[in-house]
Amino acid sequence: MKGLILAAGEGSRLSELNLKHKSFAVVHKKHVINFSLDLLSEIKCNNGAKLISEIIIVVGHNADAVMAGIGYDYNGIPVKYVYQAERKGIAHAILTAKEVLNDDFVLCLADEILLNSRMQSLVQFFFDTQAECVCGCVLDAKDMSGKPISYILKHYDSKAVIEQVTEKPKEYFNEYRGVGECVFSKKTLELLEILQPNPIRGEYEMGDYIQSICNMFPDKVFAYDLADAYVNINYAKDIDAANKLLE
């Protein structure tokens, strides 16, 4: 299984911090991107060995700084870089890395912080259910204003099956906040080749990619309660919120 981190964005909303790259924002004495790197490197096989055989990082803005800052090995896992010349959405970034991935993969975003992540159990759930996709979610009944993806779910045998996906929704169907950390089967990569740009925003969006998987593989796409809380680092105030979260 491969690990994929998306780190191509410019991060203009953090420009006041004069960072070489937004993923180098410091939270709890650690660069934000290192939270994702640690998340991937800590996933284990049943025998205790590292599950992730290679970490692919999609870079774009100031790519040289990201490559120099991380290098080509992280905690004993090889790191490879793919350059995304045009930023056309998350699904487009995954498509950029498609040929290098060529395997089941765990997706992480370079600007997200999770509290008490359950990624190990999410990956085990992916294998146990023979899923095509498992989407990380955080149960959040207090503040849904920034929720990027909303899922319509049906439940059976204590599993939450995703039936419908809406990106940047005008209304929310439940209290689950979709986050960027998800696991995908190798088979789902082929759907990226036929995915069309979102007619409203013109980008190749994560929500549309997941919806295409739901359409192709009914009852094989699940939501999973991944963490106790979540912060997406977009503004300087988000760094303060993440530091408080991790105190």
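Refer to the preceding data block for the structure.
The rules we used
- Numbering of residues begins from 1 in every chain and follows the order in which that chain's sequence is written.
- With the structure being a predicted model, the display of local features is reserved for residues of pLDDT at least 70 and the display and counting of side-chain atom pairs for 80 or more, all residues being used for whole-chain, interface and lining totals.
- Where side-chain values are given, they derive from all heavy atoms of the structure, hydrogens and water being excluded.
- Secondary structure elements are taken from DSSP: a helix is a run of H or I of four residues or more, a strand is a run of E of two residues or more, and numbering for both begins at the N terminus.
- Should any heavy atoms of two residues lie within 4.5 Å, those residues are considered in contact.
- In summary, the pairing rule links any two rings of Phe, Tyr or Trp, Trp by its six-membered ring, whose centres are within 6.5 Å, and it sorts them by plane angle into stacked for under 30 degrees, edge-to-face for over 60 and tilted for everything else.
- Working definition: with a 1.4 Å probe on protein chains only, accessible area under 20% of the residue-type maximum means buried, over 50% means exposed, and in between means partly exposed.
- The rule is short: NZ of Lys or CZ of Arg within 6 Å of the ring centre and within 35 degrees of the ring normal puts a charge over the ring.
- For this quantity, the arc is that covered by the directions from the helix axis to the C-beta atoms.
- Note on terminology: disulfide denotes any pair of cysteine sulfur atoms within 2.5 Å.

1. Regarding the environment of Gly71
Within the element layout of this structure, Gly71 appears in the loop between helix 2 (63-70) and strand 5 (73-74). Taking the C-alpha atoms as reference points, Gly71 and Tyr81, ten residues apart in sequence, are found 9.7 Å from one another. If near-sequence neighbours (up to four positions away) are discounted, Gly71 is found in contact with Val79 and Tyr81.

2. Some remarks on the packing of aromatic side chains
By the definition in use, this model includes six aromatic pairs. Summarising the aromatic geometry, the rings of Phe125 and Phe222 are spaced 5.3 Å apart at their centres and angled 85 degrees between planes, so their arrangement reads as edge-to-face. Placement of the pair is Phe125 in helix 5 (residues 119-129) and Phe222 in strand 13 (residues 221-225), with a sequence separation of 97 residues. Residues Phe125 and Phe222 agree in their burial class; the two are buried. Plain terms: the ring middles of Phe126 and Phe127 are 5.4 Å apart, the flat faces sit at 70 degrees to each other, and that makes the pair edge-to-face. A relative accessible area of 37% means that Phe127 is categorised as partly exposed. Following the ring pairs from residue to residue traces out a cluster consisting of Phe105, Phe184 and Tyr209. Over the aromatic face of Phe35 sits the side chain of Lys30, whose NZ or CZ is 4.2 Å from the ring centroid.

3. Here we look at the environment of Gln130
Relative to the assigned elements, Gln130 resides in the loop between helix 5 and strand 9 (133-139). Gln130 sits 90 residues away from Lys220 along the chain, and the two C-alpha atoms are 7.6 Å apart.

4. Observations regarding unusual backbone geometry
You will see that Asn75, though not glycine, has its phi angle at about 50 degrees, which is positive. Secondary-structure assignment places Asn75 in the loop between strand 5 and strand 6 (77-83). Classification of Asn75 as partly exposed rests on a relative accessible area of 45%.

5. Quick notes on helix 5
Side chains that are three or four residues apart share a direction in an α-helix, a result of its 3.6 residues per turn. Residues of helix 5 that are buried include every one of Met119, Leu122, Val123, Phe125, Phe126 and Thr129, and no others. The arc enclosing the buried residues of helix 5, seen along the axis, measures out at 155 degrees, which places them on a common side. Of the surrounding secondary structure, the elements contacted by the buried residues of helix 5 are helix 1 (32-41), strand 7 (105-109), strand 9, strand 11 (159-167), strand 12 (176-184) and strand 13. Looking one or two residues past helix 5, Gln130 carries a phi angle of roughly 55 degrees, positive in sign.

6. Quick word on the pairing of strand 4 (residues 54-59)
Of all six residues in strand 4, six are buried, a share of seventy percent or more. Burial along strand 4 is two-sided: the face carrying Glu54, Ile56 and Val58 and the face carrying Ile55, Ile57 and Val59 are both buried.

7. Thoughts on the state of the cysteines
Using the criterion set out here, one finds zero disulfides in the structure. Of all cysteine sulfurs, the one in Cys135 lies closest to Cys133, which takes part in no disulfide; the gap is 3.6 Å. Accessibility expressed as a relative area gives 0% for Cys135, which makes it buried.

Any functional reading would require information beyond the geometric quantities listed.
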